[in-house]
Amino acid sequence: MPKPTALAAALALLLAACSGGGAGASKATVATTAPVATSTGETFPDEGVATTSLPAPSVDKVGQTATLVDAETGKPAARVQVARVKFSRGDTYNRPERGLFLGVYVKVRAQANDVSSMWGDFYVQMRGHHYDADAYAEGFTPALDYVQLNNGETAEGWLVFDVPAKHGEVVLGQSSGGGKVATWTF
């Protein structure tokens, strides 16, 4: 396990990049809120629940929201929610190699300018194995696109993984390499 100072520094660089901050960033925290019921087509929920700072990475359940805080300003940079997960065995022409397609519905709301949708920073960890979102399956639309967001803008959609089991965790990793920013268990 990395030393807390190294992890905090790496997280600070990620959050500074997400919020337009520079390399002078020094600290970052992740905060979470209570679970939220969502339905298809619903916009990013405003839970109205006060957040509390937690040590990074936060460990949440599917449906909970993680708030990423800008290391330089101490203000929220983005709210990220893994709203739901669902599984498929594929169809006649498209079957998963490992047994199951896992769809992960992600919502990102920018609370600062120049925040990415974090499309490439998500992965799934199961039984010690790392799986990237590189699969396609029917029934998982719209896809989460890579976009840059300004304050108040949202991005949401499905990421699809080819996995061997129905239990694990969705991980928001650091784009600068290594480490976890937040995780959601399912």
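Residues numbered from 1 in each chain as written. Predicted model: local features only at pLDDT ≥ 70, side-chain atom pairs only at ≥ 80, totals over all residues. Heavy atoms only, no water.

Draft legend 1. Layout of the pattern of salt bridges. Here the structure, examined in full by the defined rule, presents one salt bridge. The partner of lysine 180 in a salt bridge is glutamate 169, with the nearest N and O atoms 2.9 Å apart. With a gap of 11 residues between them, lysine 180 in strand S13 (residues 180–185) and glutamate 169 in strand S12 (residues 169–173) connect regions that are remote in the sequence. Looking at lysine 180, the relative accessible area reads 24%, which means it is partly exposed. (Salt bridge = Lys/Arg side-chain N within 4 Å of Asp/Glu carboxyl O. Helix = DSSP H or I, 4+ residues; strand = E, 2+ residues; numbered from the N terminus. Buried < 20%, exposed > 50% of the residue type's maximum accessible area, 1.4 Å probe, protein only.)

Draft legend 2. Fine view of the pairing of strand S6 (residues 100–110). Burial runs high along S6: 10 of the 11 residues are buried. Across 10 bridges, the pairing between S6 and strand S11 (residues 154–163) is antiparallel. Bridging across to S11, leucine 102 finds its partner in phenylalanine 161. (Pairing = 2+ DSSP bridges.)

Draft legend 3. The pairing of strand S5 (residues 76–88), seen in detail. Where strand S4 (residues 65–69) lies against S5, five bridges are found, and the strand directions are antiparallel. Within S5, the residue paired with threonine 67 across the bridge is arginine 79. With antiparallel pairing between neighbouring strands as the criterion, S4 and S5 make up a hairpin whose turn holds six residues, including glycine 74 at a positive phi of roughly 80°. In this structure, S5 lies alongside S6, joined through 10 bridges in antiparallel fashion. Pairing of valine 80 across the sheet is with valine 108, part of S6.

Draft legend 4. Just the nonpolar core, in detail. Val80, Met118, Phe122, Val124 and Trp184 are the most contacted members of the largest nonpolar core, which totals 31 residues. With six residues, the top contributor of residues to this core is S6. In this structure, valine 124 is in contact with Leu102, His129, His130, Tyr131, Phe161, Val163, Glu169, Val170 and Phe186, ignoring residues within four places of it in sequence. Core analysis: the next-biggest nonpolar cluster, separate from the first, contains seven residues, Ala83, Tyr105, Phe140 and Trp158 among them. (Core = buried A, V, L, I, M, F, W, Y, C linked by side-chain atoms within 4.5 Å. Contact = heavy atoms within 4.5 Å.)

Draft legend 5. Representation of the side chain of aspartate 70 within the structure. Tracing the backbone shows aspartate 70 in the loop between S4 and S5. One buried charge, aspartate 70, has no salt-bridge partner; the nearest side chain with opposite charge is lysine 75, at 9.5 Å. Within polar-contact distance, the side chain of aspartate 70 engages the backbone nitrogen of threonine 73 at 2.8 Å. (Lys, Arg positive; Asp, Glu negative; His and termini not counted. Polar contact = N/O pair within 3.5 Å; in protein donor to acceptor, adjacent residues only side chain to side chain.)

Draft legend 6. Structural context of the environment of threonine 183. The topology assignment puts threonine 183 in strand S13. You can call threonine 183 buried: its relative accessible area is 2%. The sequence separation of threonine 183 and valine 59 amounts to 124 residues, and the corresponding C-alpha distance is 4.9 Å.

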